[in-house]
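# Results of the structural survey
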Amino acid sequence: MLRKKKKFYLTTAIDYINAPPHCGHALEKIQADVIARYHRLLGEEVFFLTGTDENSLKNVQAAKEEGIPVKKLVDRNAKRFYELKKALNLSFNDFIRTTEERHIKGAQKLWLACKKDIYKKTYRGLYCLGCEEFYQESELEDGLCPEHKTKPELVEEENHFFRLSEYQNQLKKIIEDDEVEIIPETRKNEVLSFINQGLEDICISRSAKRAHGWGINVPGDPSQKVWVWLEALSNYINALGYGENGENFQKFWQRNENKLHVIGKGIIRFHALYWPAFLLSAGLPSPNKIFVHGYLTIGGQKMSKSLGNIVDPFELVKKYGTDPVRYFLLREIPSTEDGDFTYDKFEQRYNSDLAKGLGNLVARTFTMVEKYCNGRVPEIDKDPDSHPLRIDKKIHNWKKAWQDVDNSLTVTYQFNEALSSIWKFITEADRYIEENRPWDLAQKRKKKELNWILYGLLDAIHQIAWQIFIFLPDTALKIAKALELEKILVENPNYKDSWTNIKPGTKIKKIEPLFPRI
RNA sequence: GCCGGGGUAGCUCAGUUGGUUAGAGCGUCGCACUCAUAAGGCGGAAGUCGUGGGUUCGAGCCCCACCCUCGGCACCA
């Protein structure tokens, strides 16, 4: 048993915190959480990181609007993001803020490691004083700032630049060859077509004045602040202790072929091009996979402050519970595309899949065991592994469901397909009850047959608990608890060893309906 | 504008290298059942497969044109 554990490192994007978290943030965190939980289920050593991006000028502006110090604003908002952990039952191991010392130290170390590719150049651009941002000419409307309708000024500033152009061919190769695998493929193609247009050097600093003194200093040049993206990306190694060459950095970054970034479609270029380029420059290994998810829309519209359609994940959880929120986002939203949220859709999913599906199956099975078997797991005289719910090839048996779960969580990241497969099995279990009519068997006192049927159903429910453990952890535990399997699920979750854990004679604990109908 | 996805039942989508009556889930309607959260099962209705041409013995799948929609097009999650 001294076999070395496989390692797995995954991260989410670190969020801008000039506003509180919304459901789109929740979607990404939950997706990453499920992946992390699955790899733990496989017995791997998992390090799951998330955090906040706090050096942006947007925070300075937001603080100004509220009339509070920037530090106060980021502290308060970062806390809100951290609180998603409890609300959504996230299992991340670390939460990094880019205002932390360990991050600043690492970001500056990375800058110095890239030194050979950094040079100074005068940058000239159209700058809107109101937005405090540079604009491309193509972004202007009639030569005016789209936000303020004012004419931007031509501003010159000496900045540091990074020789991205030097890495064009290398980047093209590692992406084409899936050394850095981009999922789904359409995103990979987008990145490649972007490279094919030719890569230019990028500006990686701005004047401290323009940044209002907020941000991380360029090493050796206090008049300049590090461009937020360069330092933000470095959070992925800083949290592992890159700054002080820590043990986790060696273990999870340097000597690990399983590094995954989970991000939204809007920031793919930074992750698929700039980040690997910085790492190449610094002589560090690249991430192995980048999974790009879509965005959440609300009633078909983009979530936005001005539309006032932002859905607060905390309120949603308060109203419906953690697992239903996790279930909806994972089941209803195709992970690689945009997906839509409405309360109607939410409640429909809740009722049809959770209340009438899983919840009802558990309730009816437990009641029959209560009535016909004195509430105990029945004795059987056959091999559990010959039970049709496990092996019948004509039905969508639970072994098939496991295959789909595995494929979804290690290859395609289509969580909806995994859940759909598990729920197909739930339907099979319901059908199995209907076909075998345990109530008739009980009346005819066909004890042996009845036991076999009910044992198979309990076994199926036990298996479902294992399968949904990564998606709906609380629900899985409730079921496992009723079956007196909670300890095994928590402490030794490896599913391959769990197939015969249902013990005849075990008293089934009564439980409340898992998902009361709305 | 350029490049790339899509447009298939009320809704969300599957449809393999072109081949007989186009599929699933949800919703809806009907039937029988009763262990269950008025849940579950079975059955039915429902589609001129974006439009117009073309290739072919045969096209949702191939070609052309057009319409609509979504995404990408550098320092902006």
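Within each chain, residues carry numbers counting from 1 in the order of the written sequence. Chain letters start at A and ligand numbers start at 1, both assigned in the order the entries are written. With the structure being a predicted model, the display of local features is reserved for residues of pLDDT at least 70 and the display and counting of side-chain atom pairs for 80 or more, all residues being used for whole-chain, interface and lining totals. Excluded from the side-chain calculations are hydrogens and water; all other atoms, namely the structure's heavy atoms, are used.

## Things to note about the packing of aromatic side chains
Under the convention used in this document: Pairing of aromatic rings covers Phe, Tyr and Trp, the last counted by its six-membered ring, and requires centre-to-centre distances within 6.5 Å; plane angles under 30 degrees mean stacked, over 60 mean edge-to-face, and any other angle means tilted. Only DSSP runs of H or I reaching four residues or more are called helices, and only runs of E reaching two or more are called strands; each is numbered from the N terminus. To sort residues, take the accessible area from a 1.4 Å probe on protein chains only and compare it with the maximum for the residue type: under 20% means buried, over 50% means exposed, and anything in between is partly exposed.
In this structure the tally under the stated criterion is 27 aromatic pairs. Their ring planes at 50 degrees and their centres at 6.2 Å tell us that Trp 227 and Phe 270 sit as a pair that is tilted. Residue Trp 227 is found in the loop between strand E12 (221-226) and helix H8 (228-233), and its partner Phe 270 is found in helix H11 (residues 268-282); the two are separated by 43 residues along the sequence. Centroid distance Phe 341 to Phe 346: 6.1 Å. Interplanar angle 55 degrees. Geometry classified as tilted. This pair shows no difference in class: Phe 341 is buried, exactly as Phe 346 is.

## Considering the side chain of Thr 322
Just so we agree on the cut-off: The contact rule is simple, with two residues in contact once any of their heavy atoms fall within 4.5 Å.
Relative to the assigned elements, Thr 322 resides in helix H13 (residues 322-332). Overall, Thr 322 belongs to the buried group, its relative accessible area being 14%. Once residues within four sequence positions are removed from consideration, Thr 322 is found in contact with Ala 87, Leu 88, Asn 89 and Val 317.

## Here we look at the environment of Leu 279
Inspection of the secondary structure puts Leu 279 in helix H11. Taking the relative accessible area as the measure of exposure, Leu 279 reaches 0% and is therefore buried. With 169 residues separating them in the primary sequence, Leu 279 and Leu 110 have C-alpha atoms 8.3 Å apart. Excluding residues within four positions of it along the chain, Leu 279 makes contact with Ile 237, Trp 253, Leu 284, Pro 285, Ser 286 and Pro 287.

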